[in-house]
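The lines below spell out each chain.
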Amino acid sequence: MEGENPPIQDIQPWKAIDTVYTNEKAGMDSVDKDLIKRVIYEASKDSNFFKKDEEKRKQTNERIARLKEKLAKVTEDEMKRYHATVRDSIRSAERERHLSRIWIHVDMDAFFASVEELDDPSLKSVPMAVGSIGMISTANYIARRFGVRSAMPGFIGKQLCPQLALVKPNFRRYKEKSEETKEVFRIFDPDFESGGLDEAYLDCTAFASVHGISGEEIAEQIRNLVMEKTKLTCSCGVACNKMLAKICSDKNKPNGQFFLSPNIAAIKAFVKDLPVRKIPGVGCVTEQLLNGFGINTCGDVIKNAHVIAAVFTPLTLSFLLTSSLGISTAFHGKKPAPGELSRKGISCEHTFTAKEDENTLLQMVGSLAHELSAAMASESIEGLTVTVKLKLSDFTVRTRSLTLLSPISDPESISRIASKMLRKEFPVKLRLLGIRMSGLSPIANANGKPKGNSKGS
DNA sequence: ATACATACC
DNA sequence: GACTGGTATGTAT
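Since the model is a prediction, treat every value here as computed from it, not as a measurement. (Residues numbered from 1 in each chain as written. Chains lettered and ligands numbered in written order. Predicted model: local features only at pLDDT ≥ 70, side-chain atom pairs only at ≥ 80, totals over all residues. Heavy atoms only, no water.)

Enquirer: So what exactly am I meant to see when it comes to unusual backbone geometry here?
Expert: Trans is the prevailing form of peptide bonds, just as negative phi is the prevailing case for residues other than glycine. Geometrically, the link from K253 to P254 is a cis peptide bond, its omega value of -10° lying close to zero. Counting through the fold element by element, P254 comes out in the loop between α11 (242-249) and β8 (257-259). Although it is not a glycine, S380 sits at a positive phi angle of roughly 50°. (Helix = DSSP H or I, 4+ residues; strand = E, 2+ residues; numbered from the N terminus.)

Enquirer: Help me understand the sheet that holds strand β11 (residues 397-408) in this model?
Expert: Spatially, the 4 strands line up as an open sheet ordered β9-β12-β10-β11, and their pairing is antiparallel. Because the sheet does not close on itself, it has two edges, and the strands there are β9 (345-355) and β11. Ignoring strand direction, the axes of neighbouring strands in this sheet form an average angle of 15°. Pairing analysis gives 8 bridges linking strand β10 (residues 381-392) to β11, with the strands arranged antiparallel. Bridge pairing in β11 links K391 to V397. Those strands touched by helix α17 (residues 358-379) are β9, β10, β11 and β12 (430-442), and its axis lies near 155° from that of β9. (Pairing = 2+ DSSP bridges. Axes fitted to C-alpha atoms, helices over the stretch in contact; angles between N-to-C directions. Contact = heavy atoms within 4.5 Å.)

Enquirer: How should I be thinking about the confidence of the model for chain A in this particular structure?
Expert: Any region with low pLDDT has predicted coordinates that should not be read closely. Residues of chain A with pLDDT of at least 70 account for 90%, and the chain-wide mean is 92. Every residue in residues 448-457 is under pLDDT 50, and counting partners more than four places away or in other chains gives 24 contacts. (pLDDT = per-residue confidence, 0-100.)

Enquirer: Help me understand the UniProt feature "domain: UmuC" (unreviewed entry) in chain A in this model?
Expert: Following the UniProt record, one finds the feature "domain: UmuC" (unreviewed entry) at residues 103-283. Helix makes up 43% of residues 103-283 and strand makes up 18%, while its end C-alpha atoms are separated by 23 Å. (UniProt positions renumbered as here; feature names shortened; annotations may be inferred.)

Enquirer: Would you explain the packing of helix α4 (residues 76-95) against helix α16 (residues 314-324) in this entry?
Expert: Axis angle and axis distance: for two packed helices, these are the angle between their axes and the distance between the axes, and together they describe the pair. The N-to-C vectors of α4 and α16 enclose an angle of 55°; their axes lie 10 Å apart at closest approach. The pairing of α4 with α16 is recorded here as oblique in orientation. The handedness of the crossing between α4 and α16 comes out as right-handed. On the side of α4, the interface is formed by T85, V86, S89, I90 and A93, while α16 contributes L317, L321 and T322. Classifying every residue of the contact of α4 with α16 by side-chain character gives 5 nonpolar, 3 polar and no charged. (Parallel < 35°, antiparallel > 145°, perpendicular 65-115°, else oblique. Left-handed = near helix turned anticlockwise from the far one by under 90°. Nonpolar A, V, L, I, M, F, W, Y, C, P; charged D, E, K, R; others polar.)

Enquirer: Looking at this structure, I do not really get the domain arrangement of chain A. What am I missing?
Expert: By a frequent convention, interface size equals the accessible area lost on bringing the separate parts together. Once the domains are mapped, chain A shows domain 1 (48-98 + 267-327) and domain 2 (345-442). In this structure, domain 1 and domain 2 have C-alpha centres spaced 36 Å apart. (Domains from an automatic or database assignment.)

Enquirer: Looking at this structure, how should I read the protein's contact with DNA strand B?
Expert: Taken together, 20 residues form the shell around DNA strand B, and within it D198, K246, T286, S401 and T403 come nearest. Of all DNA strand B atoms lying within 4 Å of any protein atom, the proportion belonging to sugar or phosphate reaches 98%. Within the backbone of V285, an N or O atom sits 3.0 Å from a phosphate oxygen of DNA strand B. Elements with a minimum of two residues in the surface near DNA strand B: α13 (284-292) and β11. Of all the elements, β11 adds the most residues to the surface near DNA strand B, at 6 residues. Considering only residue class, the surface near DNA strand B consists of 6 nonpolar, 7 polar and 7 charged. (Near = heavy atom within 4 Å. Polar contact = N/O pair within 3.5 Å; in protein donor to acceptor, adjacent residues only side chain to side chain.)

Enquirer: Explanation requested: the packing of aromatic side chains in the structure shown.
Expert: For any pair of aromatic rings, geometry is given as the distance between the ring centres together with the angle between the planes. For the structure on display, the rule yields 10 aromatic pairs. Ring geometry for Y41 and F50: centres 5.9 Å apart, planes at 75°, overall edge-to-face. On the basis of relative accessible area, Y41 is assigned to the buried category, the value being 14%. What makes F50 buried here is its relative accessible area of 7%. Ring geometry for F171 versus Y174: centroids 5.8 Å apart, planes at 80°, classification edge-to-face. Linking F171 with Y174, this pair stays in helix α8 (residues 171-188), spanning 3 residues, or about one helical turn. (Phe/Tyr/Trp six-rings, centres within 6.5 Å; stacked < 30°, edge-to-face > 60°. Buried < 20%, exposed > 50% of the residue type's maximum accessible area, 1.4 Å probe, protein only.)

Enquirer: Explanation requested: α8 in the structure shown.
Expert: Each α-helix turn comprises 3.6 residues. Residues three or four places apart therefore point the same way. Given a rise of 1.5 Å per residue, 18 residues ought to cover 26 Å, and the 26 Å separating the end C-alpha atoms of α8 matches this to within 8%. Buried within α8 are the following residues: Y174, K177, S178, E180, T181, K182, V184, F185 and F188. (Expected span 1.5 Å × (residues − 1).)

Enquirer: Would you explain helix α12 (residues 264-272) in this entry?
Expert: For α12, the set of buried residues is I267, F270 and V271. Down the axis of α12, the sector holding all buried residues measures 85°, keeping them to one side. Exposed positions of α12 whose direction lies more than 90 degrees from the buried face are A265, A269 and K272. Residues of α12 that are buried make contact with α11, β8, α14 (298-303) and α16. (Arc of directions from axis to C-beta.)

Enquirer: I tried to follow the state of the cysteines on my own but got confused; where do I start?
Expert: A covalent bond between the sulfur atoms of two cysteines is referred to as a disulfide. By the definition in use, this model includes 0 disulfides. In this structure C234 is not part of a disulfide, and its nearest cysteine sulfur, from C236, lies 4.6 Å away. Of the residues examined, C234 reaches a relative accessible area of 1% and is grouped as buried. (Disulfide = S-S within 2.5 Å.)

Enquirer: Help me understand the protein's contact with DNA strand C in this model?
Expert: Taken together, 27 residues lie around DNA strand C, and S44, R343, S347, T351 and R431 are the ones closest in. Taking the atoms of DNA strand C that fall within 4 Å of the protein, sugar and phosphate contribute 60% of them. Between T351 and DNA strand C, the recorded distance is 2.4 Å, taken from a side-chain N or O atom to a phosphate oxygen. Broken down by class, the residue content of the surface near DNA strand C amounts to 12 nonpolar, 10 polar and 5 charged.

Laid out in structure tokens, this is it:
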């Protein structure tokens, strides 16, 4: 032991940094991670973004300290009851375990970047990312070897990899290619659930039994057909529920698949050493909180579930327990009832170089209101609640909302309400303005029928 | 109902 | 110098 030396982070601060984009991702195995962290640290250490990020991390650590105090005050009797709660939760979760369905999660590989490579093959041989100097949405696998990845600003990508080609996103094109993949997905599950432009969940149980083939064989077929149709590769996860399928699709990325055998022993072995961060729904913050209690893997969650029961909400306990047992319930939710809108809100927001001139900001709210109104018109919806979102130049976010007596969708009304709320915040220096409408309902058109977007019959 | 936080792509 | 945009949902009051 070398007790007298200061912790290594004090001399090499970049070792301690762990922003969203320094986390691991497929394609980064052969990278000098230390160098990457150092470059990222040097590039962002003086920025407002970095300061805000550090502040949040500190607050989470304070929250951990408070929760630990709370834990220390729990009596033996109370802890016994938490143990009992956990036993009950596990028992009822196990009753929800279903092994008989075949779910496949399909995830397109580096989707935006791959589409750009398809349209311009010269990009295949160079490090490239789709995005701007401000933000990268996807990097190709060559760029990932330099540590460039999604959710990283382009200027940092450039510092990691000066030859990095930055390509402007073309969402229309991605949508087109996404539609092509959907034609393939429909063959296997006409009711498949889309998870954005580049991924989908398919319940292939019926297809498997009708055609007498296995989930693995279906995944092969999906990958072949997607390639045939789109000339793009994807990866598949095959498992007995959506959550596990999603985790599996990441295992053999890119252009691969992973099958998790639908039996309890295999599932338990699979989740035992799985880091909690792999659970869809556990992000950086929850990971930090759990790690603060020495909980790093799903196995740890089960072992320390009584601690979780003592410091988190029952909902969080049940979510973490069911996830860590490899039983997804939260995931298999609730399609909207017939006639109900699938969408709960609609919004638009823009980031710009920080501004404080009140007239300029009010004018921007006006143009946002027009944009939002147009988007609402194209779906024939109106809304009851207006929310304005402000991001200050120091990255602090504020929201202000107002619920009306009757729904609106016209640009003038939205603008009027949003401006009123913005005015109350003056003086402010903003880097982002946004407006959101919620409490949505369909507008009857001239024929008296709601148009288009209500899901179901 | 409102505000803020977290997560996902 | 420069760190997104859109949607859903959980937590707290």
